[in-house]
Amino acid sequence: MLGCCSLPCLSHRYRNNFCCKAQTSQNYVNGDHKKKKKVVIVGSGWAGLGAAHHLTNQGFDVTVLDGGNGFGNPDDISIQGFWYPYRNIFNLVNELGINPFTNWTKSALYSEEGLEVEFPIFQDLPQLPSPFGTLLYTQFFRLPLVDRLTSLPLIAAVVNFDNTDTAWKKYDSITARELFKQFGSSERLYRGVFGPLLQVGLFSPAEQCSAAASLGLIYYSILAHQKDFDVVWCRGTLREKILEPWMDSMKTKGCEFLDRRMVTGFCFDEETGCISEVVCGGETYESDAVIMAVGISTLQEIIRNSAVLCTREEFLKVLNLASIDVLTIKLRLDRKVNVPHASNACSGYDDSFGCTFFDLNQIHDEHKDDTVTVLQADFYHANELLPLKDEQIVVKVVAYLSKYIKDLDSATVMDTKIGRFPNSFTHFFPGSYKYMMRGSTSFVNVFMAGDWIVTRHGSWSQEKSYVTGLEAGNRVIDFLEEGSFAKIIPVEEDEPHIEALRSLNRNLNELRSQLPLSSYFLQ
Ligand SMILES: Cc1cc2nc3c(=O)[nH]c(=O)nc-3n(C[C@H](O)[C@H](O)[C@H](O)COP(=O)(O)OP(=O)(O)OC[C@H]3O[C@@H](n4cnc5c(N)ncnc54)[C@H](O)[C@@H]3O)c2cc1C
């Protein structure tokens, strides 16, 4: 029996008469016309496109639905950096034969007191065992050595956090601040470095970040190998430089992209246990498999409107998750001002928001030869900024950035472009892990992808979204029993000394778990 539960609930006859339906596609195989299996992908960021890429290559009839006015991550929300360990994305870019990135770039971190840290290009320096290269080559301008050394005990937590379900459950219950406190970090190290880093890495203050997410991110993008913090930037918007050429290549292979398609419901076939159609207002799209590749707040909206999704525990749990507001602002000045580093992160201890700012003359081709400075600043956890009028925002932003860019006071802002993105990034708050979705769902043909989905790959942000997109594609292949699995490049192995410490730690944990009363006390 087909239960089509959405707003409104449509009968088959109604749909056949009035709805736009995807055409049945045929594939000519060994002299027979074989019907191509239909995969509907909701969302066209890295996750959705990753899945579409592989499934299109495998000969499926893929339709990508996006709720926005264009494809790709919403409105090209920000300047996007690509860190050294983004191996799958770099591999894709090579495969596409495009050249979207700057060279490896140095970056700087500011606290409320001024320039704290300059990160060199680590791969150009002699390689040392982790984390010694990171500690030795990073240039600290204010932090005394003794404060830096208080970071060393944290290695024990890094070793203990091996990205398993057990590790996530253990560390997700405490905040990052609590973690730094437990492991003896100095106040100065926390205020000057760890706090600001998390505020721009996980987009919220450390006392609101899960310790598990913090350890996962810090290990992946800074500590695992000396060169991991090296970064390149997109030389224009992500959409222009990567997503559009990528989508063009998929279109030539038959992948269909439909924008302005807000998902409003699903049709559930009780006999097969499958979602048989995805509903977008008056249109329906038949599906042999569905991949949901949208952010948390979008999914929450879809769940609230879908009686079908509301029947499942794992979707209801998503309603407990939270997301973070982002504000972006592009400023064109009347003159050139000196911005020492192309990319910068900053956060004051009492600020609830974190900020990254970029000298677009150094990053974007479009502004390379401009005779005036063009800056972009992104504010995360920007709840306090979003409701302000544009003029108020500009005044605040200029005052804020003037603390870090000395010449800014002498310049006049000629033009601004402000983007407000409420609920646009996952808030990895303590206790959130238990509500996060896995790649598979209790609907046999529905799979999840995105930077907030639980995966054991170990990557973060865009790379994680792309990887979970490929993983979702592989789940579809497994379910439909057609096609070959995508090759997913694993994260680089732990260095031998970290692997040895992890193995020792696992054995100790094993022994500890056998002691009497080991599970009696709160962990
Ligand atoms: C300000 C900011 C800066 C960042 N900087 C970096 C960085 O430097 N490096 C990095 O690696 N990561 C960065 N990230 C994180 C990175 O942007 C995300 O990890 C990545 O975009 C997630 O991709 P995704 O495909 O999972 O989701 P998204 O990119 O959010 O894609 C979701 C898609 O769903 C679509 N959609 C929305 N509503 C609907 C609907 N109702 N129906 C259908 N489709 C819908 C959207 O239009 C979008 O295409 C940053 C994030 C933010 C917010």
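Residues numbered from 1 in each chain as written. Predicted model: local features only at pLDDT ≥ 70, side-chain atom pairs only at ≥ 80, totals over all residues.

Novice: So what's going on with the overall build of the chain? Residues and values would help.
Specialist: What the chain contains, in helices and strands, is 17 helices and 21 strands. Compactness check: the chain gives a C-alpha radius of gyration of 24 Å against a globular reference of 24 Å for 523 residues, within 12% of the reference. Summarising its shape, the C-alpha atoms of the chain cover approximately 70 × 70 × 45 Å along the three principal directions. Looking at the chain residue by residue over its 523 residues, the buried ones come to 47%. (Helix = DSSP H or I, 4+ residues; strand = E, 2+ residues; numbered from the N terminus. Rg over C-alpha atoms; globule rule 2.2 N^0.38 Å. Buried ≥ 20, exposed ≤ 12 C-beta atoms within 10 Å, placed from the backbone.)

Novice: Tell me about the nonpolar core, and name the residues and values.
Specialist: In this structure, Ile41, Ala51, Val278 and Ile291 are the most contacted members of the largest nonpolar core, which totals 146 residues. A total of 10 residues in this core trace back to one element, the largest contributor, which is helix 10 (residues 211–223). Among residues more than four places away in sequence, those in contact with Ala51 are Ile41, Ile291, Ala293, Ala449, Gly469, Leu470, Ala472 and Gly473. (Core = buried A, V, L, I, M, F, W, Y, C linked by C-beta atoms within 7 Å. Contact = placed C-beta atoms within 7 Å.)

Novice: Outline the sheet that holds strand 9 (residues 139–140), supporting the account with residue identities and numerical values.
Specialist: Sheet architecture is open: 8 strands sit in the order 9-8-7-17-18-19-16-20, paired in mixed fashion. The open sheet terminates on both sides in strands that have one partner only, identified here as strand 9 and strand 20 (413–426). As defined by bridge partners, strand 17 (residues 343–346) adjoins strand 18 (residues 354–359) across 4 bridges and the pair is classed as antiparallel. Within the sheet, the bridge partner assigned to Ser343 lies in strand 18 and is Phe358. (Pairing = 2+ DSSP bridges.)

Novice: Break down the environment of Ser185 for me, with residues and values.
Specialist: Within the fold, Ser185 resides in the loop between helix 8 (176–182) and helix 9 (187–201). Sequence spacing of Ser185 and Leu149 is 36 residues, and the spatial spacing of their C-alpha atoms is 8.5 Å. Excluding residues that lie within four positions of it along the chain, Ser185 makes contacts with Thr150, Ser151, Leu154, Phe180, Tyr190 and Phe194.

Novice: Describe the domain arrangement of the chain, with residues and values.
Specialist: Domain parsing of the chain yields domain 1 (2–75 + 237–320 + 437–480), domain 2 (107–229) and domain 3 (323–426). The straight-line distance from the C-alpha centre of domain 2 to that of domain 3 is 25 Å. Contact residues are listed per partner, giving 13 residues for domain 2 and 16 residues for domain 3. In terms of residue count, the dominant contributor to the side of domain 2 that touches domain 3 is helix 9 (5 residues). Considered class by class, the residues forming the side of domain 2 that touches domain 3 number 7 nonpolar, 4 polar and 2 charged. (Domains from an automatic or database assignment. Nonpolar A, V, L, I, M, F, W, Y, C, P; charged D, E, K, R; others polar.)

Novice: For the sheet that holds strand 21 (residues 446–448), give the residues involved together with the corresponding values.
Specialist: Ordered by their spatial adjacency, 5 strands build an open sheet running 11-5-4-15-21, and the pairing between neighbours is parallel. Edge strands, defined here as strands with exactly one partner in the open sheet, are strand 11 (256–258) and strand 21. Neighbouring strand axes in the sheet, compared pairwise and without regard to direction, differ in orientation by 20° on average. When strand 5 (residues 61–65) meets strand 11, the two strands line up parallel, connected through 3 bridges. Counted as the bridge partner of Val64 is Phe257 from strand 11. The sheet strands contacting helix 16 (residues 461–480) are strand 4 (38–42), strand 15 (289–292) and strand 21, and the helix crosses strand 15 at an angle near 165°. (Axes fitted to C-alpha atoms, helices over the stretch in contact; angles between N-to-C directions.)

Novice: Can you explain unusual backbone geometry? Please cite residues and give values.
Specialist: Across the junction of Ser130 and Pro131, the peptide omega takes the value 5°, indicating a cis bond. A positive phi angle, near 70°, is found at Phe203, a position not held by glycine. Its place among the elements puts Phe203 in the loop between helix 9 and helix 10. A tally of 25 C-beta atoms within 10 Å means that Phe203 is categorised as buried. Of note in the backbone geometry, His381 takes a positive phi value of approximately 55° without being a glycine. Residue position: His381 is located in the loop between strand 19 (374–380) and helix 15 (390–402). Judged by the 25 C-beta atoms lying within 10 Å of it, His381 is buried.

Novice: How would you explain the pairing of strand 4 if you had to name every residue and give the values?
Specialist: Counted residue by residue, strand 4 has 5 buried out of 5 residues, so it is predominantly covered. In strand 4, alternate side chains face the same way, and those of Lys38, Val40 and Val42 on one face and Val39 and Ile41 on the other are all buried. One ladder, built from 5 bridges, connects strand 4 with strand 5; its direction is parallel. From the neighbouring strand, Val40 faces strand 5, where its bridge partner is Thr63. With respect to chirality, the unit in which strand 4 leads through helix 2 (residues 46–57) into the neighbouring parallel strand 5 is right-handed. Where strand 4 meets strand 15, 4 bridges bridge the pair, whose relative direction is parallel. From the neighbouring strand, Ile41 faces strand 15, where its bridge partner is Ile291. (Right-handed = clockwise from strand over helix to strand, strands pointing away.)

Novice: I'd love a proper account of helix 12 (residues 296–305), names of residues and values included.
Specialist: Every buried residue of helix 12 is accounted for by Ile296, Thr298, Leu299 and Ile302. Down the axis of helix 12, the buried side of the element spans an arc of 160°, and every buried residue falls inside it. (Arc of directions from axis to C-beta.)

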